[in-house]
Amino acid sequence: MYHIEEDPDYFQGSLRLVYKILFRFYVQYRVARARSMILQWENLPPNPKTLSNLGTLPVRYQKTLTGEHFLIYDSPDGDDSVNVDRVVVLSIQRNLKLLALSDCCFLDRTFKV
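All of these numbers come straight from a predicted model, not from anything done at the bench.

*Asks:* A description of the overall build of the protein should follow, citing residues and the corresponding values.
*Replies:* Scanning the protein for helices and strands turns up three helices and two strands. Counting across all 113 residues of the protein, residues that qualify as buried make up 5%. Of the accessible surface of the protein, which amounts to about 10,800 Å², a share of 61% is contributed by carbon and sulfur atoms.

The structure is reproduced here in structure tokens:
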């Protein structure tokens, strides 16, 4: 009696078919991802060259993609002059709570302008 499950060519053919299907989905995913990234890059404003060009952060950069507040603090400029000591704090509440529970934290001046 012949059993299809025991035929090695059946398994090899099935694996090839599964591979082709998975590869096709992977390629479609990568193409869609690349297109979405290009659209995001095209809609980005230019990087500011000076502090005076920075101004206030647009609303779309003050929240995460899920709608959580991301801009925790932005020191006021006061007048129209450039505030060299500007402080911007970016985080979500959950991360601030984790930081508050920590025994120690380390800071640096990553965004020195």
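Next, the rest of the story.
*Asks:* Describe the state of the cysteines, listing the residues and the values that go with them.
*Replies:* Summed over all chains, the structure comprises zero disulfides. Here cysteine 104 is not disulfide-linked; the sulfur of cysteine 105 is the nearest cysteine sulfur, at 7.2 Å. Under the relative-accessibility criterion, cysteine 105 is labelled partly exposed at 46%.

*Asks:* Explain the side chain of serine 91 to me, using residue names and the numbers behind them.
*Replies:* Its place among the elements puts serine 91 in the loop between strand 2 (88-90) and helix 3 (93-101). Residues contacting serine 91, with those up to four places away along its chain left out, are His69, Phe70, Ile72 and Leu96.

*Asks:* Tell me what's going on with the packing of aromatic side chains, and back it up with residues and numbers.
*Replies:* Going through the model one piece at a time under the given rule, you end up with one aromatic pair. Where tyrosine 19 meets phenylalanine 23, the ring centres are 6.0 Å apart and the plane angle is 20°; that geometry is what we call stacked. Of this pair, tyrosine 19 and phenylalanine 23 both sit in helix 1 (residues 8-42), four residues apart, roughly one helical turn. Judged by relative accessible area, tyrosine 19 falls into the exposed class, the value being 56%.

Thresholds applied
Residues numbered from 1 in each chain as written. Predicted model: local features only at pLDDT ≥ 70, side-chain atom pairs only at ≥ 80, totals over all residues. Heavy atoms only, no water. Helix = DSSP H or I, 4+ residues; strand = E, 2+ residues; numbered from the N terminus. Buried < 20%, exposed > 50% of the residue type's maximum accessible area, 1.4 Å probe, protein only. Areas by Shrake-Rupley, 256 points an atom, 1.4 Å probe, with all protein chains shown as cover. Disulfide = S-S within 2.5 Å. Contact = heavy atoms within 4.5 Å. Phe/Tyr/Trp six-rings, centres within 6.5 Å; stacked < 30°, edge-to-face > 60°.

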